[in-house]
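For reference, the chains in residue letters:
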Amino acid sequence: MAQGVNIENFSFWYGQSQVVKNISLSAPVRQVTALIGPSGCGKTTLLRSINRLHELHPGTRAAGRIAIGEEDIFSAAVDPVDLRRRVGMIFQKPSPFPHLSVFENVAAGLRLHGLAQGKEIAERVEACLRKAALWEEVKDDLGRKGALLSGGQQQRLCIARALAVEPEVFLMDEPCASLDPVGIMRIEELIRELKHDYTVIIVTHNMHQASRISDQTAFVLNGELVEVGRTKEFFLAPTDPRTEAYLTWKIG
Amino acid sequence: MTNRRKRKALGLLFEALCVLAASIAIVVLALILYYVFRRGIGVVGFVFLTSLPAPVGVAGGGIGNALIGSLLMVGLGALIAVPVCIAAAVFLDQNPASKLSAFVRFATRVLSGVPSMVIGLFVFGQLVLRTGNYSALAGGIALSIVMAPVITLSAEEMLRLVPSSQREASMALGASKQQTVFRLVLPGAAGGLIVGVMLAVALAAGQTAPVLLTALTSRFWLESLQQPTASLPVLIYHYATSPFADWQAHAWGAALVLVTAILVLNVTAQLSLGLSNRRR
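Cut-offs used in this document
Residues numbered from 1 in each chain as written. Chains lettered and ligands numbered in written order. Predicted model: local features only at pLDDT ≥ 70, side-chain atom pairs only at ≥ 80, totals over all residues. Heavy atoms only, no water. Helix = DSSP H or I, 4+ residues; strand = E, 2+ residues; numbered from the N terminus. Rg over C-alpha atoms; globule rule 2.2 N^0.38 Å. Buried < 20%, exposed > 50% of the residue type's maximum accessible area, 1.4 Å probe, protein only. Contact = heavy atoms within 4.5 Å. Buried area = accessible area lost by both parts, 1.4 Å probe. Salt bridge = Lys/Arg side-chain N within 4 Å of Asp/Glu carboxyl O. Polar contact = N/O pair within 3.5 Å; in protein donor to acceptor, adjacent residues only side chain to side chain. Phe/Tyr/Trp six-rings, centres within 6.5 Å; stacked < 30°, edge-to-face > 60°. Lys NZ or Arg CZ within 6 Å of the ring centre and 35° of its normal. Axes fitted to C-alpha atoms, helices over the stretch in contact; angles between N-to-C directions. Parallel < 35°, antiparallel > 145°, perpendicular 65-115°, else oblique. Left-handed = near helix turned anticlockwise from the far one by under 90°. Nonpolar A, V, L, I, M, F, W, Y, C, P; charged D, E, K, R; others polar. Pairing = 2+ DSSP bridges. Lys, Arg positive; Asp, Glu negative; His and termini not counted. Patch = residues over 30% accessible without salt bridge, like charges linked within 9 Å, V, L, I, M, F, W, Y side chains within 5 Å. Areas by Shrake-Rupley, 256 points an atom, 1.4 Å probe, with all protein chains shown as cover.

**As for the overall build of chain A**
Then, number 1: Each helix and strand counted, chain A has 10 helices and 10 strands in total.
Then, number 2: The C-alpha radius of gyration of chain A comes to 18 Å, within 12% of the 18 Å expected for a compact globule of 252 residues.
Then, number 3: For chain A, the C-alpha atoms occupy an extent of roughly 55 × 45 × 30 Å along the three principal directions.
Then, number 4: Out of the 252 residues in chain A, the part that is buried amounts to 55%.
Then, number 5: Within chain A, contacts between residues at least 6 apart in sequence are counted, and of these 67% link residues at least 24 apart.

**Topic: the interface of chain B and chain A**
Then, number 1: Each partner contributes to the interface: chain B provides 16 residues, whereas chain A provides 25 residues.
Then, number 2: Counting each side, the surface lost to burial between chain B and chain A is near 1,700 Å², with a carbon and sulfur contribution of 67%.
Then, number 3: When residues of chain B are sorted by the area they lose upon contact with chain A, B:E168, B:A172 and B:L173 head the list and together hold 37% of the total.
Then, number 4: Ionic pairing is found between B:E168 and A:R48, a salt bridge with its closest N-O pair at 2.4 Å.
Then, number 5: One can count three residue pairs in polar contact (both at pLDDT 80 or more) joining chain B with chain A.
Then, number 6: When residues of the side of chain B that touches chain A are traced back to their parent elements, those giving at least two are α7 (164-172) and α8 (177-205) of chain B.
Then, number 7: Sorting elements by how many residues they give to the side of chain B that touches chain A places α7(B) first, with seven residues.

**Side note on the packing of aromatic side chains**
Then, number 1: Applying the stated criterion to the full structure yields 10 aromatic pairs over all chains.
Then, number 2: Ring geometry for B:F124 versus B:Y134: centroids 6.0 Å apart, planes at 35 degrees, classification tilted. With B:F124 in helix α5 (residues 116-131) and B:Y134 in the loop between α5 and α6 (136-160), the pair connects residues that are 10 residues apart, well separated along the chain.
Then, number 3: The class for B:Y134 is partly exposed, based on a relative accessible area of 25%.
Then, number 4: Following the ring pairs from residue to residue traces out a cluster consisting of A:F10, A:F12, A:Y14 and A:F74.
Then, number 5: The residue whose ring lies beneath A:R61 is A:W13, and the NZ or CZ to ring-centre distance is 4.0 Å.
Then, number 6: The ring of A:F97 has A:R161 sitting right over it, with the charged end atom 4.2 Å from the ring centre.

**Some words on the packing of α7(B) against α8(B)**
Residues and elements named next belong to chain B.
Then, number 1: It is the contact of α7 with α8, at a shortest axis distance of 10 Å, that shows an interaxial angle of 125 degrees. Relative to α8, the element α7 lies oblique. Viewed along their axes, α7 and α8 form a crossing whose handedness is right-handed. Two secondary-structure elements touch here, α7 through Q166, R167, S170 and M171 and α8 through K177, T180, L184 and V185.
Then, number 2: The residue inventory of the contact of α7 with α8, partitioned by class, reads three nonpolar, three polar and two charged.

**A closer look at the sheet that holds strand β2 (residues 17-27) of chain A**
Residues and elements named next belong to chain A.
Then, number 1: Pairing is antiparallel in the open sheet, where four strands are placed in the order β2-β1-β4-β5. Of all strands in the sheet, those bounded by a partner on one side alone are β2 and β5 (71-72).
Then, number 2: Sheet topology places strand β4 (residues 60-68) next to β5; two bridges connect them, and they run antiparallel. The partner of A67 across the bridge, within β5, is D72.

**Quick look at the side chain of A:E227**
Residue and element names in this part refer to chain A.
Then, number 1: Tracing the sequence through the fold places E227 in strand β10 (residues 224-230).
Then, number 2: No salt bridge is formed by the buried E227; the nearest opposite charge belongs to R242, separated by 8.1 Å.
Then, number 3: Of note is the side chain of E227, whose polar atom sits 2.7 Å from the side chain of T243.
Then, number 4: With sequence-adjacent residues up to four places away left out, E227 is seen in contact with T217, A218, F219, F234, P238, T239, D240 and T243.

**Side note on a nonpolar patch on the surface**
Residues and elements named next belong to chain B.
Then, number 1: A cluster of nonpolar side chains, namely L10, L13, F14, L17, L20, I24, V28 and I32, defines an oily patch on the protein surface of about 750 Å² accessible area.
Then, number 2: Structurally, V28 is set in helix α1 (residues 2-40).
Then, number 3: Classification of V28 by relative accessible area gives partly exposed; the value is 43%.

**So, the pattern of salt bridges**
A side chain with one charge may pair with a side chain of the opposite charge, provided their charged atoms come close.
All names here are of chain A.
Then, number 1: By the definition in use, this model includes 23 salt bridges over all chains.
Then, number 2: For the salt bridge of R86 with E168, the shortest nitrogen-to-oxygen distance reads 3.4 Å. Here the residue R86 occupies a position in helix α2 (residues 80-86), and E168 occupies one in the loop between α6 (151-164) and β7 (169-173), the gap between them amounting to 82 residues. Comparing R86 with E168 shows no difference in burial state: the two are buried.
Then, number 3: A salt bridge links E104 to R111; the shortest N-O distance between them is 2.7 Å.
Then, number 4: One salt-bridge network, held together by shared partners, links E126, R130, E136 and K139.

**Observations regarding unusual backbone geometry**
Residue and element names in this part refer to chain A.
Then, number 1: Unlike most non-glycine residues, N22 shows phi in positive territory, near 50 degrees.
Then, number 2: If you trace the backbone, N22 turns up in strand β2.
Then, number 3: Non-glycine residue A133 carries a positive phi angle of around 60 degrees.
Then, number 4: Take A133: it is sitting in the loop between α4 (119-131) and α5 (135-138).
Then, number 5: Under the relative-accessibility criterion, A133 is labelled partly exposed at 42%.

**A word on the pairing of β7(A)**
All names here are of chain A.
Then, number 1: Most of β7 sits inside the fold, with five of its five residues counted as buried.
Then, number 2: Residue alternation in β7 divides its side chains into two sets, V169, L171 and D173 and F170 and M172, and both sets are buried.
Then, number 3: Relative to β7, strand β6 (residues 87-90) is paired through four bridges, and the arrangement is parallel. Residue pairing for β7: I90 is matched across the bridge by M172.
Then, number 4: Pairing analysis gives five bridges linking β7 to strand β8 (residues 199-203), with the strands arranged parallel. Residue pairing across strands places L171 opposite I201, the latter belonging to β8.

See below:
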C-alpha cells in the first residue's frame, strides 16, 4: 500500500558538520518527487534518512520528524530493519548481489522475509521482472549471474528486487547516473509506471530528467530547502533567485 | 637531453636488477623442485604410499602411516582454526575501527611472526606434559595455531572485497546485519576464503617443529587421537638425518610427496583466485 512521506524540520549531522538543515517537505502519495541540487548539498543524505540507512555510519545524528503515512519512522516502535523492507531503495551504482542469479536476486527479499514459498516464489519473481520491464530480456536464462547483465539491465533487476518485497515508498539515488541514453530512457519509462502504485522520491543531477519524470521538484542548496513546487511551475517560473541561478547554470 | 638519457639508463638498470632478483627466487624454487623430483621419483610408488615404514635393511616399506598422520593432523588443525578464524574475520570486517579489532589485528600479526618451534613448545608444555603423552590431537592443535593468523588475515582481506554498495543494498532490502553477513558477505567472499584456507593448509602441512614436539612420531598405523602419530615432515627429518642409504632415499620420496602436495595446493589456490578476480 503506497504511502506519502512527510518530512518536518529535519536536520542531520555527520559529527560536527550539519549537512541537512531544518528541511520540511512532503512527498505526495503516488507521485514522483525530484530532489535536485549541486553535489554535496545534502539531498542524498536526506534521501537516505528516509529508510534510516545513514544510521549505520558511526557519528551521525538526526533531529526532526519523518513520517511514512502517519507513522513517525524514528519512533521507538519502529524497527529500522523492518522499515527498510517497507522503503525500497535504488542506488547510483547498480548493486545486484553478484553471487546470485537473476532469479535469486529477485527472490532474495522474498526468502529473506519469508513472503512466499515454493511455486509462489517463481510467480512473484516473474511478476516483478515483468513490472520492471526486464522479463523479456532475461526469461530464457534466469540462472545467469545478475552481475553479468548490462548496467541498465542491472538497475532494472535492482528495481525488480525492490518490488518483490512490496515497498510503500521508492527511494532512488541518481539511478541513471551510470547508464547510457537507452538505459536512462527505459528507467524513466519505468518510473512513470511505478508512480501509479508507489510514492517515488528521486535524487538526480539531471534537471531535464527531473522535469521529464517528476510531479514535484525540490531544490536543495547547502543543506537547506530553497524551493519546492509543482514541477511545471518550478522550472518555468522559479520564485527564488537562487533556484533561477541554478537552473540557468549560474551556481553549482 | 643527457639528463633524459641518464634517467632512461637508470630506469633500465633498476628494471634489470628487479628481473634478476625475481629470477633468483624462481631459480631457487626450480632447483629445489628439480633435486627433490630427481632423487625422490624412483622411490615413490603405490607400495611406498600405502605401507608402514620397514626396518633398516628390509626392502620395501613406505610412508603410509605418516601420510595419514599428516592428513589427519592438518585436517584437525583446519577444523579447529577455520570456524574460529572466519568468525574473527567477520568481527574485524563488521567493526573495522573498534579498539578490540585493532588489538586482534596486532595480536594476529605477532602470532604470524612467532617461530613455529615456540608454538610447538607451547602446546608441548600445556597439553603433552599435562596429559602425559604425545598425540595427534596435540599435533592438530599446534597446527591450528600455525594456521590461525594466515586464515584470519586473508579472510579479513577477502571479506573487505565485498563492496559497501552491495551491503547497503542488502540492508536497504530489509536484511539485518547478521542476515547480510550470512547471505551476502560470506557467500560473496567464499572463493577467497577457501583460497586463504588452502594456503594455510599448505603452510601447516610442511611444519616440522610443531608436530615433532606434540605428536612425536610412530612406526605403526594410527589407532586413536591420543597416541603418538607419524607425520611427513618429522619422518623426513628422521630419515634424512639417519646414516642408512635406504632411509635417506625414503626421505627424498617423502619430500617429493610433501612438496607436490603443497605445490598443488598453492597453484590451485592461485588459479582459483585469478578466476574469481576475473569474474568480478
